[in-house]
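# A structural walkthrough
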Amino acid sequence: MRTLFMALLVLVSQSTMARLTVGVTLHPYYSYVTNIVGDRADVVPLIEGGFNPHNYQLNPSDIDRLFELDALVVNGIGHDMFATKAVERLSPPDLTVIYANEDVPLIANGEKVNPHTFVSIDAGIRQVYTIAKALGKLDPENKGYFLKNALLYAKKLRALKKPVQDLLITKDLSHIRIASTHGAYAYLLQEFGLTVSAVIEPAHGVSPTASQLQDTIETIKQQHIDVLFTELNMENRYVDTIERETGIKIFYFSHMTHGQYSPTMVEDEMSSNLKKLAEALGS
Amino acid sequence: MPNFDIEIVQPNDGRKETRNYLITCFTVMAIALISLWMTIEPTSSARIALPNQYSNFALQLSNTIEELNMLEESELLTELYSVESLNLPQLHQKTFLKLDESCFVLEQDAYAFMVEKHDGNWSAAWAKHNSINDCHQPIEWNTLNHQESSS
């Protein structure tokens, strides 16, 4: 009886030890990874929700958490440098860093790339596949399960686009000109054949100076920009000035890096973004 | 008799010190420049990048390739490959053309996209080229996520 009990104990502890602890740096990656791993791994945000990832610095408890991870999923192209720099500096042993954007065709932004691949369906799916494959290498027993979940999740994400695609089939969008306060929406908009004619903020969360604002107002007028997409969770008082001076229509998108981490966050907020997009294009 | 020869000591005009100082300055600057040059990563020779207008098509294609490989691994793809059975995306209503059993090409303006199955794996690439006759045409093929510079 004791032998049986000890054998059971060993089996249970082995299965517990084999279970991956996967860290994520941004809210969308929490959604991606939880949908991939289901109940066969633990998903841990590296930092608490409610912080601006652009200017965050890891605190001691974040660093402790980092050292407890088997894998860390990162954006790796400029949106989570608080994490990538820390990993470079601290080099936690036994940590596998999964670069979610490794296989994503990126949009060039001058000499850099636009890091907002997570505010997108197609680029999101690409990252889901990259993450699932990488996790499958770390946990070969669950590789098939992770990949199957990734395919199902991709199907769910693609289905979110359908209402907007149906709307656009009958619409001529060639005349619509778009501006955004932040360069976060390029990947999403390009999925519908749209490009951003002007980006207003010099950096995320940084309001333009008075002369920059004046230049922006002039650009909007000269380029006959119809729609301005701005960020839902950011106070942008200058947006009211732009609306007043130009008569432009303003719509609010989620940047998808705020609030609580949730497995359904990407579906919920992307669904809302797509509704706003349909509203903007249909107006 | 005392020696009244007077040793004439030329005034020190500082030329030697000035020369040594300048040599030291130039040496330090040269070492600094060489050190800086050595820390700068060599830029790769001029590489072309896929224009942003094709970025979403490249994304869709990349997703499709990944899905094909997953289906192949699960033995869910039949060997009679066609544009429709592979669900290859369109570009401005243009579809891929089948060049042979496992080679598909789409040309748009000055760019070509290629999808092929090789050694059991599906892959895709693009090139700045027209008139593609073969997936192994000896031109410069680039991966879909090819970038000129990192962020």
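All of the points below concern the structure found in this document. (Residues numbered from 1 in each chain as written. Chains lettered and ligands numbered in written order. Predicted model: local features only at pLDDT ≥ 70, side-chain atom pairs only at ≥ 80, totals over all residues. Heavy atoms only, no water.)

### Focus: the overall build of chain A
Per the secondary structure count, chain A includes 10 helices and 10 strands. Projected onto its principal axes, the C-alpha positions of chain A cover 80 × 45 × 30 Å. Counting the 283 residues in chain A, one finds 50% classified as buried. Sequence-distant contacts in chain A: of pairs separated by 6 or more residues, those separated by 24 or more amount to 70%. With an accessible surface of roughly 13,600 Å², chain A has 53% of that area assigned to carbon and sulfur atoms. A distance of 6 Å separates the average location of the 25 positive side-chain charges in chain A from that of its 32 negative side-chain charges. (Helix = DSSP H or I, 4+ residues; strand = E, 2+ residues; numbered from the N terminus. Buried < 20%, exposed > 50% of the residue type's maximum accessible area, 1.4 Å probe, protein only. Contact = heavy atoms within 4.5 Å. Areas by Shrake-Rupley, 256 points an atom, 1.4 Å probe, with all protein chains shown as cover. Lys, Arg positive; Asp, Glu negative; His and termini not counted. Charge placed at Lys NZ, Arg CZ, Asp CG, Glu CD.)

### As for the pattern of salt bridges
The full count for this structure, using the stated rule, is 15 salt bridges over all chains. One salt bridge connects Glu48 of chain A with Arg65 of chain A, and the closest N-O pair in it is separated by 3.9 Å. Highlighted residues: Glu48 of chain A in the loop between β2 (41–45) and α3 (60–66) and Arg65 of chain A in helix α3, separated in sequence by 17 residues. Classification of Arg65 of chain A as buried rests on a relative accessible area of 18%. A single network of salt bridges, built from pairs that share partners, joins Asp103, Arg126 and Lys133 of chain A together with Glu66 of chain B. (Salt bridge = Lys/Arg side-chain N within 4 Å of Asp/Glu carboxyl O.)

### Things to note about the sheet that holds strand β9 (residues 227–231) of chain A
All names here are of chain A. The parallel open sheet is built from four strands, whose spatial order is β8-β7-β9-β10. Edge strands, defined here as strands with exactly one partner in the open sheet, are β8 (196–199) and β10 (249–253). The average undirected angle you get between the axes of adjacent strands in this sheet is 30°. As defined by bridge partners, strand β7 (residues 178–180) adjoins β9 across three bridges and the pair is classed as parallel. Note on β9: the bridge partner recorded for Ala179 is Leu228. Across the sheet, helix α10 (residues 265–282) touches β9 and β10, and the angle it forms with β10 is around 165°. (Pairing = 2+ DSSP bridges. Axes fitted to C-alpha atoms, helices over the stretch in contact; angles between N-to-C directions.)

### Considerations on the packing of aromatic side chains
All names here are of chain B. Summed over all chains, the structure comprises 15 aromatic pairs over all chains. Ring plane angle 55° and centroid distance 5.2 Å describe the contact between Tyr54 and Tyr111, whose orientation is recorded as tilted. Here Tyr54, found in the loop between α1 (15–39) and α2 (55–73), pairs with Tyr111, found in strand β3 (residues 111–118); they are 57 residues apart in sequence, far enough to count as distant. Seen from their ring centres, Tyr111 and Trp126 are 6.0 Å apart, and the 50° between their planes marks the pair as tilted. In this pair, Tyr111 sits in strand β3 while Trp126 sits in strand β4 (residues 121–127), placing the two residues 15 residues apart along the sequence. (Phe/Tyr/Trp six-rings, centres within 6.5 Å; stacked < 30°, edge-to-face > 60°.)

### Regarding helix α9 (residues 237–246) of chain A
Residues and elements named next belong to chain A. What α9 keeps buried is the set Tyr238, Val239 and Ile242. For α9, the angular spread of buried residues about the axis comes to 110°, placing them on one side. Among the exposed residues of α9, those pointing more than 90 degrees away from its buried face are Arg237 and Arg244. Residues of α9 that are buried make contact with α8 (210–222), β9 and β10. Directly after α9, the chain includes Gly247, whose backbone phi takes a positive value near 75°. (Arc of directions from axis to C-beta.)

### A few points about the interface of chain B and chain A
At the junction of the two partners, chain B supplies 18 residues and chain A supplies 24 residues. At the junction of chain B with chain A, the criterion picks out four salt bridges. Note that Lys143 of chain A and Glu73 of chain B form a salt bridge whose closest N and O atoms lie 2.9 Å from each other. Our count for the chain B to chain A interface comes out at 12 residue pairs in polar contact (both at pLDDT 80 or more). (Polar contact = N/O pair within 3.5 Å; in protein donor to acceptor, adjacent residues only side chain to side chain.)

### Quick notes on the packing of helix α2 (residues 27–37) of chain A against helix α5 (residues 122–138) of chain A
Residues and elements named next belong to chain A. Closest axis-to-axis distance for the α2/α5 pair is 10 Å, and the angle between their directions is 50°. By the angle between their axes, α2 is oblique relative to α5. When you trace α2 past α5, the crossing you get is right-handed. Here Tyr29, Tyr32, Val33, Ile36 and Val37 of α2 come into contact with α5, specifically with Gly124, Gln127, Val128, Ile131, Ala132 and Leu135. Classifying every residue of the contact of α2 with α5 gives nine nonpolar, two polar and no charged. (Parallel < 35°, antiparallel > 145°, perpendicular 65-115°, else oblique. Left-handed = near helix turned anticlockwise from the far one by under 90°. Nonpolar A, V, L, I, M, F, W, Y, C, P; charged D, E, K, R; others polar.)

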